[in-house]
Amino acid sequence: MKNILFFILLMTIPLYGQVTFSEGTYIDNKDTSHQVLIKDLDWLNSPSEIIIKVDNIEKALPIKDVKEFSVNDKKYIRYTGNLEVSSQKINNISKDPNFIFDNRTVFLKEEYDGEVKLYSYKSDDFNNYFYTINNSPLELLLYKRYYIDSSGKTIYKNTYQNTLSKNFSCGNLKYSVNYTTNELTRFIDKYSSCKNFVKKDTKDSKIRNTKKFRITAGIAMNTPDFSIETRDYNVSSTNDGSSFGATLGLEYFLPINNNKWSLNADLNYINIESHSTGTVYNNVNIKLSEIQVLLNARHYMYINDGSRFFVSLGINTSIINPVLTEDFTQNYANYSDTYERNVAANFVYGIGYKYNNLGFDVRYFTNNRFISGQNLRGNFNLFSLRLTYDIFQF
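Residues numbered from 1 in each chain as written. Predicted model: local features only at pLDDT ≥ 70, side-chain atom pairs only at ≥ 80, totals over all residues. Heavy atoms only, no water.

A.B. asks: Honestly, empty space enclosed by the protein in this entry has me stumped. Any pointers?
C.D. replies: Empty space among the atoms becomes apparent when a probe as large as a water molecule is rolled across them. In the structure shown here, the tally under the stated rule is three cavities of 30 Å³ or more. Counted as a void, the largest cavity has a volume near 100 Å³. Of all the secondary-structure elements, those providing two or more residues to the lining of the largest cavity are strand 15 (243-253), strand 16 (261-276) and strand 22 (376-393). Ranked by residues supplied to the lining of the largest cavity, first place goes to strand 15 with five residues. Residue classes in the lining of the largest cavity are distributed as two nonpolar, five polar and seven charged. Of the pockets and cavities examined, the second largest cavity occupies roughly 60 Å³. Contributing to the lining of the second largest cavity are A220, N222, A246, T247, N268, Y269, I270, Q292, F365, L382, S384 and R386. Of all elements in the fold, only strand 13 (213-230), strand 15, strand 16 and strand 22 reach the threshold of two or more residues within the lining of the second largest cavity. Here the lining of the second largest cavity is composed, by residue class, of six nonpolar, five polar and one charged. (1 Å grid on protein atoms, 1.4 Å probe; cavity = no way out; pocket = protein on both sides within 12 Å on 5 of 7 lines; lining within 4 Å. Points joined across faces, edges and corners; volume = space filled by probe spheres on them. Helix = DSSP H or I, 4+ residues; strand = E, 2+ residues; numbered from the N terminus. Nonpolar A, V, L, I, M, F, W, Y, C, P; charged D, E, K, R; others polar.)

Structure, rendered in structure tokens:
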């Protein structure tokens, strides 16, 4: 029953998450700048509209009404002109070696800002990159891949590399860069340094300067649920006790989706006991003391800058000196022994809430076979309530 309730809660918590509005700016067709709240969707593909909030009323502004907008270190400009629209998806690559152009009005994302600017247009089917030097007209960097009829081999038409060689000549720059945001951004950054151009902070540099790591410490209240199987009998725990433990974790925020995703590595100390009564055994006493390591991914759902829910999924195992003692009493016979802990991995689901540096979460550790022998097998799962604090960020 506890498992069912936990998974219901795990599924319903994300409904409370929301994409927040942030202070931003957009410029209309009359070159008037407007300071408004803009819904930051951290677009993976180039948007076709923006959503603003004025006097608590949401309004969608189509691309035809917005020349430019900025929100949370992201900047987009409107562009009308040719795109190279050949599909870059593996399943849709054509056998036509010629570039295919289409005149469209789209938003281009500013990837690098300085005397040289780099822009991108991204869709599910293809990406385009543009550059401008000292406010010159935007130039499209041309790239295409296609199949050869006879062999099915993929050919890369890297016209953009010739453009870089011709228009970005400086020092010993290498022009054989891939057609990706990271490589083109690094290339232009090296070119700007070679030319001693004034460079502004790019999104990538701001991400690098943001505190991406957190060290967290806390306490936990752990409630186990044990079951024991012998060759002849099953004994299920009925009176499991709770005990306190300690936790220490390292969290890394991925530079995507507005810091909504993170990877975590946690060390958890547990020292749990269970005193149970079975149908065959009069008493079953279990003591388990160990350090566990948990690797998990976490997704945040922000309410505002300081308040957010999160859900997590990870895999857990024991690492340091696991000690397991079990006592059995059957009729008038007593059995007591110390067993070697069967180290096995199990999944862990979690939900929680954080306010600034203070956090609270509930974790469910799925079934873990801690004894695996010919005559005796033991399993347990675990609920853990944690209170944590971010003690250091860098």
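A.B. asks: Explain the state of the cysteines to me, please; I cannot follow it from the model alone.
C.D. replies: Disulfide: a covalent bond formed between the sulfur atoms of two cysteine residues. One pass over the full model with this rule turns up one disulfide. Shown here is the disulfide that connects C170 with C194, its sulfur atoms set 1.8 Å apart. Linking C170 and C194, the disulfide has an S-S dihedral of approximately -80° and is accordingly described as left-handed. Of the two residues, C170 is situated in the loop between helix 2 (159-167) and helix 3 (181-194) and C194 in helix 3; the sequence distance between them amounts to 24 residues. Taking the relative accessible area as the measure of exposure, C170 reaches 10% and is therefore buried. (Disulfide = S-S within 2.5 Å. Buried < 20%, exposed > 50% of the residue type's maximum accessible area, 1.4 Å probe, protein only.)

A.B. asks: Please explain the side chain of S384 as it appears in this structure.
C.D. replies: By secondary structure assignment, the location of S384 is in strand 22. S384 sits in the buried class, given a relative accessible area of 4%. Polar contacts involving the side chain of S384 include one to the side chain of N222, which spans 2.8 Å. Apart from residues lying up to four places away in sequence, S384 is in contact with A220, M221, N222, D361, V362, R363 and F365. (Polar contact = N/O pair within 3.5 Å; in protein donor to acceptor, adjacent residues only side chain to side chain. Contact = heavy atoms within 4.5 Å.)

A.B. asks: In this structure, what is going on with the confidence of the model for the chain? I would like to understand it.
C.D. replies: Parts of the model with low pLDDT should not have their predicted coordinates read in detail. Averaged over all residues, the pLDDT of the chain is 82; the fraction at 70 or higher stands at 76%. For residues 203-209, every residue scores under 50 in pLDDT, and the model assigns this stretch ten contacts once sequence neighbours within four places are set aside. (pLDDT = per-residue confidence, 0-100.)

A.B. asks: Sorry, what's going on with unusual backbone geometry here?
C.D. replies: It is generally the case that most residues other than glycine have a negative phi and that most peptide bonds are trans. Of note in the backbone geometry, D73 takes a positive phi value of approximately 65° without being a glycine. Note on placement: D73 falls in the loop between strand 5 (68-71) and strand 6 (74-84). Residue D73 is classed as exposed on the basis of its relative accessible area, which comes to 51%. Although it is not a glycine, N135 sits at a positive phi angle of roughly 65°.

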